[in-house]
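# Tertiary structure, described
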Amino acid sequence: MYSDPLGVFEATCLEALKEAILRKLPELSKLSLSLEVPPDPRFGDLAYPCFEAAKRLNRPPIEVARVLAAEIEKALRPPILEVVAQGPGYVNFRADHVQLARDLFKAVLEAPDDYGSTPASEKLQVIVEHTSGNPVHPLTVGTGRNSFLGDAVARLLEARGHRVERHFYVDDVGFQVALAAFAYSKVKDKVEIRGKPDHFVGLLYSISNTLMEIQRLKTLAAGEDEEATKARAKLSEWMSVLQELRERDERLFEALMDSLKDVDLRGEALKLNRDYEEGKPYAVKAVRELCNLTLEGFKETLNRANIRFDSWDWESDLTVWSGAVEEILDGLRRTPFTSIEMEALVFKAEETAKNLDLKRKLGIKEEHVIPDLTLTRADGTTLYTTRDIAYALWKLKRANKVINVIGAEQSLAQMQLRIALYALGHGDLADNYIHYAYELVHLPGYRMSGRRGRYVTLDQIMDEAANRVYIEVGKRWPNLSEEEKRRVAEKLGVGAVRYALVSVSASKPMMFNWDRVINFEQNSLPFINYAYVRSLGILKKSGFKPSEVDTAKLRHPQEREIVMKLCSFPRIVRQAADELRPELLATYLNDLSSLFNSYYEKVNVIHEKDEEVRMARLMLVYTLKTVLCNGMKLIGIIPVDIM
């Protein structure tokens, strides 16, 4: 177990605790034991809280702690250095950092690239579906959070030995795609695509949607009633949006105005959508052509962001044309939980949850009423969530776990989906379906709307990040060549965006602030990467070759602190993977970088006169460099080796 030195220490502490309990407090022999990390390292490296044990014995916690600590102290075993009863009732263990450093260095020398990765007891087949951007506009900064979180989760799960497949769901069925596809079919021979194709499609969709909205409002505004008055006010707003869009690409605007001026856009889009679901060749050609254009742009963006996929799952192929949606609908019709309302088929989610006793299982408050889910419209076409039920079932039959990375605003739909799976008799599979929800990204002073063409693309964010880093690199390292400055700026810029979007818990909204994203002083990728480059510099100047050293020479208090931090790396990776919390690893890398920078300022490494001390310190720096590199890669960041 050299690959997890802190794990060895923890196992030794638990074994010592169990033996002490058997000898001194046998009535607690069946008590479940677990250790925690004290909030302050002065209290030790691991601690056992005695409160549950004390409750069972009806004795003060500190008294129980003293009995156990005294018994363990009689025969301390390495790597336990000290055991003390402290506070209101804790048995605190302090590790022998010399022994842990020996195990740590051995693990890194044997397999530097693997340090931090520990196999799970059960290896699973996992599908992580993420990004799945709507093919009517480019990937936005919000979708970028989805992409980076999903990719980091997939990498962490692989570090635990799970077999992970990354899936992208191509949402090619639906009104929005049909509207964009119809508009494109009318202008594709008139307008040349310039720039990235997904950006072109995004503008085309926004103009088409705005024209359709203006058509609707003009009809409503013709009257004299209150509704007409409201429509006229809205019409003015949408005309302003149309002018904004015209200024972005006058060629495309004029081509669309010329081709769509006398066309019922809503009617044509509804017809194309209906025909696409039925698989009519003309509709398939039109929609697939539009979607492939957008996907071409998506792949370029994702490749730049160091994100890959194993499977591109077309919604139409897997859910509609395969007959899977009809199977879902037929299955739900056979349950007592559907009804026809205004010609639409409706799933009674609340009634299902009550009848199958699902609320407690799904963490839903009893008083919370779950809205019905419309499965099909009056015209027979299906809705997104209906098709998503079929897709979820397809994924669940191919994996032990399915993790669906999708915004928190879709929590209701995801809940209804799982309830539908239970209604269909697939409760065993539904238990393996995880909605990995994430909150929105906010840009100060900017309100996004895809329908109005108001969004900040992930491409724009990465471009801006690279430009900002380029300016900083030029100030700090003017001697770098122009080529090196550009290379560093690109990698650091993209990595900085990724780190920023991953480092905040997915359950919290994220305020995207450039002063934090590109910060060379704290809590950012540039800050972490600078610590990495600094460690490389020390190793290069010293000519150090990794080798066995005398770890007893690491006597400085900060050396102990760094050793303990480095030993905790496998535990952090394990926790981040098992709890699906990549932000834990991001925080760890920032803390380790801060610790190293402080050590660098206080301790002489290269010019230390005692050769054994010097070699031990260099091995510590080498190990820290390895951990920073491995940690960045585990959240998808490619380290930069020159700054």
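Structure: above.
Going along each chain's sequence as written, the residues are numbered from 1 onward. Per-residue local features are limited, in this predicted model, to residues with pLDDT of at least 70; the limit for side-chain atom pairs, both in listing and counting, is 80 or more; totals at the level of whole chains, interfaces and linings are taken over all residues. Calculation of side-chain values draws on the structure's entire complement of heavy atoms; hydrogens and water are dropped beforehand.

## Topic: the pairing of strand E7 (residues 338–341)
Sheet topology note: the E7/strand E8 (residues 344–347) ladder contains four bridges and is antiparallel. Across the sheet, glutamate 341 pairs through a bridge with alanine 344, a residue of E8. Any two strands between which DSSP finds at least two bridges are classified as paired. Labels follow the DSSP assignment, with helices taken as runs of H or I lasting at least four residues and strands as runs of E lasting at least two, numbered in each case from the N terminus.

## Description of the packing of helix H5 (residues 141–159) against helix H23 (residues 569–578)
Only C-alpha atoms enter the line fits that serve as axes; for helices the fit covers just the stretch in contact. Angles between N-to-C directions range over 0 to 180 degrees. Relative to each other, H5 and H23 sit at 120°, their axes nearing to 8 Å. Comparing their axes, H23 and H5 come out oblique. Seen along the crossing, H5 lies across H23 with a hand that is left-handed. For the pair formed by H5 and H23, the contact residues are Leu156, Leu157 and Ala159 on the first element and Val573, Ala576 and Ala577 on the second. The classification used treats Ala, Val, Leu, Ile, Met, Phe, Trp, Tyr, Cys and Pro as nonpolar, Asp, Glu, Lys and Arg as charged, and all other residues, Gly among them, as polar. Its residues placed into classes, the contact of H5 with H23 shows six nonpolar, no polar and no charged. Note that the term roughly parallel is reserved for angles under 35 degrees, roughly antiparallel for angles over 145, roughly perpendicular for angles of 65 to 115, and oblique for everything else. Helix crossings get a hand from a simple test, with the near helix turned counterclockwise from the far one by less than a right angle marking a left-handed crossing and a clockwise turn marking a right-handed one. Only heavy atoms matter for contacts: two residues are in contact if any of them lie within 4.5 Å across the pair.

## Some words on the pattern of salt bridges
Salt bridge, as used here: a side-chain nitrogen of Lys or Arg that lies within 4 Å of a carboxyl oxygen of Asp or Glu. In total, this model carries 61 salt bridges according to the counting rule given. With its nearest N and O atoms 3.5 Å apart, the salt bridge here joins aspartate 431 to lysine 361. One end of the pair, aspartate 431, is in the loop between helix H17 (427–430) and strand E11 (433–438); the other, lysine 361, is in the loop between helix H14 (349–355) and strand E9 (373–376), and 70 residues separate them in sequence. Throughout, exposure labels follow a simple rule: accessible area from a 1.4 Å probe, protein chains only, divided by the maximum for the residue type, with under 20% read as buried, over 50% as exposed, and the rest as partly exposed. The class of aspartate 431 is partly exposed, set by a relative accessible area of 35%. Close ionic contact of glutamate 612 with lysine 553 constitutes a salt bridge, the shortest N to O distance being 3.4 Å. Here the residue glutamate 612 occupies a position in helix H25 (residues 611–634), and lysine 553 occupies one in the loop between helix H21 (525–542) and helix H22 (557–567), the gap between them amounting to 59 residues. Connected via shared salt-bridge partners are Glu15, Glu19, Arg23, Glu71, Lys74 and Arg77.

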